[in-house]
Amino acid sequence: MRIGLTGGIGSGKSTVAALLVARGAVLVDTDAIARAIAQPGGAAMPALAAAFGADVIATDGGLDRARMREIVFADTGAKRRLEAILHPLIGAICEQQAAAAEPTATLVFDVPLLVESQRWRAIVDRVLVVDATEATQLRRVMARSGWSADAVRAVMAQQAPRNARRAAADAVIFNENLSLDELSTEVDSLWHHWGSHVQPG
Ligand SMILES: CC(C)(COP(=O)(O)OP(=O)(O)OC[C@H]1O[C@@H](n2cnc3c(N)ncnc32)[C@H](O)[C@@H]1O)[C@@H](O)C(=O)NCCC(=O)NCCS
Ligand SMILES: Nc1ncnc2c1ncn2[C@@H]1O[C@H](COP(=O)(O)OP(=O)(O)OP(=O)(O)O)[C@@H](O)[C@H]1O
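Quick caveat, the model's predicted, so the values are computed rather than measured. (Residues numbered from 1 in each chain as written. Chains lettered and ligands numbered in written order. Predicted model: local features only at pLDDT ≥ 70, side-chain atom pairs only at ≥ 80, totals over all residues. Heavy atoms only, no water.)

1. Some remarks on the site of ligand 2
Turning to step 1, where the next piece is worked out: Taken together, 14 residues sit near ligand 2, with Lys-13, Ser-14, Thr-15, Arg-144 and Asn-175 positioned nearest.
Turning to step 2, where the next piece is worked out: Between ligand 2 and Thr-15, the relevant distance is 2.6 Å, taken from an oxygen atom to a side-chain nitrogen or oxygen of the residue.
Turning to step 3, where the next piece is worked out: Secondary-structure elements contributing two or more residues to the shell around ligand 2 are helix H1 (13-22) and helix H7 (134-145).
Turning to step 4, where the next piece is worked out: At 3 residues, the largest contribution of residues to the shell around ligand 2 is made by H1.
Turning to step 5, where the next piece is worked out: Tallied by class, the residues present in the shell around ligand 2 amount to 3 nonpolar, 7 polar and 4 charged. (Near = heavy atom within 4 Å. Polar contact = N/O pair within 3.5 Å; in protein donor to acceptor, adjacent residues only side chain to side chain. Helix = DSSP H or I, 4+ residues; strand = E, 2+ residues; numbered from the N terminus. Nonpolar A, V, L, I, M, F, W, Y, C, P; charged D, E, K, R; others polar.)

The following block contains the structure:
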């Protein structure tokens with residue numbers, strides 16, 4: 001089974017992904033792939049340098065992520081140019097990672113933009129949305145990443161609204177006022193519910 005895991009920034013996708021992996025799922029993490037291809041020598045670096053210039057290249061030759069974030073979340077055209085470079089590369093690596101997994105594995109694709117992209121909806125069997133209020137998203141990302149409130153808001157403004165994401169969901173985990181233990185219990189019940197429908201390959 002292929003689960004598409006999505007949610008707004010700071011909703012708790014990575015935390016839920018880790019809980020699913022602890023139960024035996026195989027994770028394909030698009031944020032991690034995006035980071036890997038924009039490291040020094042990464043597959044995306046020549047195209048990023050050509051499209052955005054030296055301004056976005058860090059001293060080690062990798063992508064200056066904070067600079068790129070400032071640029072793309074203030075300019076929709078720049079965001080589209082970045083995505084046009086990264087998404088085909090990310091998609092190809094996702095396919096390689098999925099093909100390398102055991103045929104019977106439950107694959108979890110952690111995709112922040114799943115609802116925004118027609119392509120992803122067709123690739124997964126189920127959509128799992130991790131939801132949280134905007135206030136909680138803001139608080140978590142500021143605490144986790146040290147970003148300003150404006151920086152988090154700029155990203156949230158470019159993502160699908162919560163109701164659009166929930167409307168696309170086969171299941172929603174409302175990760176609000178939940179301890180990590182309670183979140184783990186939610187993931188358990190979903191894992192058993194969906195697991196009982198999995199056909200052995
Ligand atoms: C803009 C970049 C350089 C900022 O890097 P930074 O390390 O500061 O943030 P990070 O990658 O950890 O992303 C944090 C969160 O921002 C959100 N986000 C990232 N890219 C996008 C995007 N294109 N549109 C909307 N939200 C996004 C996601 O919720 C993500 O989890 C980076 O996010 C990036 O390369 N984005 C483009 C790739 C992409 O679209 N990734 C989404 C997976 S398909
Ligand atoms: N139920 C919870 N209780 C306490 N902290 C939580 C809970 N869920 C998530 N967090 C914390 O909130 C922060 C954001 O969670 P996480 O990184 O899983 O979100 P994300 O959706 O993957 O974010 P991003 O879109 O930025 O990748 C992390 O520091 C995480 O440990």
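Read on, since the account is not over.
2. A few points about the nonpolar core
Turning to step 1, where the next piece is worked out: Grouped together as the largest cluster of nonpolar side chains are 31 residues, with contacts concentrated most on Leu-48, Phe-52, Met-68, Leu-86 and Phe-109.
Turning to step 2, where the next piece is worked out: By residue number, the principal contributor to this core is helix H5 (residues 76-100), which donates 7 residues.
Turning to step 3, where the next piece is worked out: Residue contacts for Leu-86: discarding those within four places in its chain leaves Ile-37, Ala-44 and Leu-48.
Turning to step 4, where the next piece is worked out: One finds Ala-17, Ala-171, Ile-173 and Leu-183 within the second-largest nonpolar core, a separate group that totals 17 residues. (Core = buried A, V, L, I, M, F, W, Y, C linked by side-chain atoms within 4.5 Å. Buried < 20%, exposed > 50% of the residue type's maximum accessible area, 1.4 Å probe, protein only. Contact = heavy atoms within 4.5 Å.)

3. Focus: the pattern of salt bridges
Oppositely charged side chains are able to pair whenever their charged atoms sit close together.
Turning to step 1, where the next piece is worked out: Evaluation of the coordinates by the stated rule reveals 10 salt bridges.
Turning to step 2, where the next piece is worked out: The salt bridge involving Arg-162 is made with Asp-131; its shortest N-O contact spans 2.8 Å. Taken together, the residues Arg-162 in helix H9 (residues 162-167) and Asp-131 in strand E4 (residues 126-131) connect sequence positions 31 residues apart. Each of the two residues, Arg-162 as well as Asp-131, counts as buried.
Turning to step 3, where the next piece is worked out: For the salt bridge of Arg-166 with Asp-131, the shortest nitrogen-to-oxygen distance reads 3.0 Å. (Salt bridge = Lys/Arg side-chain N within 4 Å of Asp/Glu carboxyl O.)

4. A look at the packing of aromatic side chains
Turning to step 1, where the next piece is worked out: Taken as a whole and assessed by the stated rule, the structure comprises 1 aromatic pair.
Turning to step 2, where the next piece is worked out: With centroids separated by 5.4 Å and ring planes inclined at 55°, the aromatic side chains of Phe-109 and Trp-120 adopt a geometry described as tilted. Here the residue Phe-109 occupies a position in strand E3 (residues 107-110), and Trp-120 occupies one in helix H6 (residues 118-123), the gap between them amounting to 11 residues.
Turning to step 3, where the next piece is worked out: Judged by its relative accessible area of 7%, Trp-120 falls in the buried class.
Turning to step 4, where the next piece is worked out: The aromatic ring of Trp-147 is capped on one face by Arg-69, whose charged end is 3.6 Å from the ring centroid. (Phe/Tyr/Trp six-rings, centres within 6.5 Å; stacked < 30°, edge-to-face > 60°. Lys NZ or Arg CZ within 6 Å of the ring centre and 35° of its normal.)

5. Comments concerning the side chain of Glu-176
Turning to step 1, where the next piece is worked out: Along the chain, Glu-176 turns up in the loop between strand E5 (171-174) and helix H10 (180-195).
Turning to step 2, where the next piece is worked out: Despite being buried, Glu-176 has no salt bridge partner; Arg-140 is the closest side chain of opposite charge, sitting 5.3 Å away.
Turning to step 3, where the next piece is worked out: Leave out the neighbours within four places in its chain, and Glu-176 touches Ala-132, Thr-133 and Thr-136. (Lys, Arg positive; Asp, Glu negative; His and termini not counted.)

6. Details of helix H2 (residues 30-37)
Side chains of residues three or four places apart in an α-helix project in the same direction, reflecting 3.6 residues per turn.
Turning to step 1, where the next piece is worked out: Thr-30, Ile-33, Ala-34 and Ile-37 are the residues of H2 that are buried. The buried residues of H2 occupy one face: seen down the axis, they fall within an arc of 100°.
Turning to step 2, where the next piece is worked out: Buried residues along H2 sit against strand E2 (26-29), helix H3 (45-52), helix H4 (65-72), H5, E3 and H6.
Turning to step 3, where the next piece is worked out: A side-chain oxygen of the first residue of H2 lies 3.0 Å from the backbone nitrogen of Asp-31; this N-cap is Asp-29. (Arc of directions from axis to C-beta.)

7. Brief notes about the UniProt feature "binding site: ATP" (unreviewed entry) in the protein chain
Turning to step 1, where the next piece is worked out: The residues that UniProt annotates with the feature "binding site: ATP" (unreviewed entry) are Gly-10, Ser-11, Gly-12, Lys-13, Ser-14 and Thr-15.
Turning to step 2, where the next piece is worked out: Relative to the elements of secondary structure, Ser-11 occurs in the loop between strand E1 (2-7) and H1.
Turning to step 3, where the next piece is worked out: With residues up to four places along the chain from it excluded, the contact list for Ser-11 reads Val-130, Ala-132, Gln-137, Arg-140 and Asn-175.
Turning to step 4, where the next piece is worked out: A polar atom in the side chain of Ser-11 sits 3.4 Å from the backbone oxygen of Val-130. (UniProt positions renumbered as here; feature names shortened; annotations may be inferred.)

8. Let's talk about the environment of Ala-105
Turning to step 1, where the next piece is worked out: Position of Ala-105 relative to the elements: it lies in the loop between H5 and E3.
Turning to step 2, where the next piece is worked out: Its relative accessible area of 15% is what places Ala-105 among the buried residues.
Turning to step 3, where the next piece is worked out: With 104 residues separating them along the chain, Ala-105 and Met-1 place their C-alpha atoms 7.1 Å apart.
Turning to step 4, where the next piece is worked out: Setting aside residues no more than four positions away along its own chain, Ala-105 makes contact with Met-1 and Val-26.

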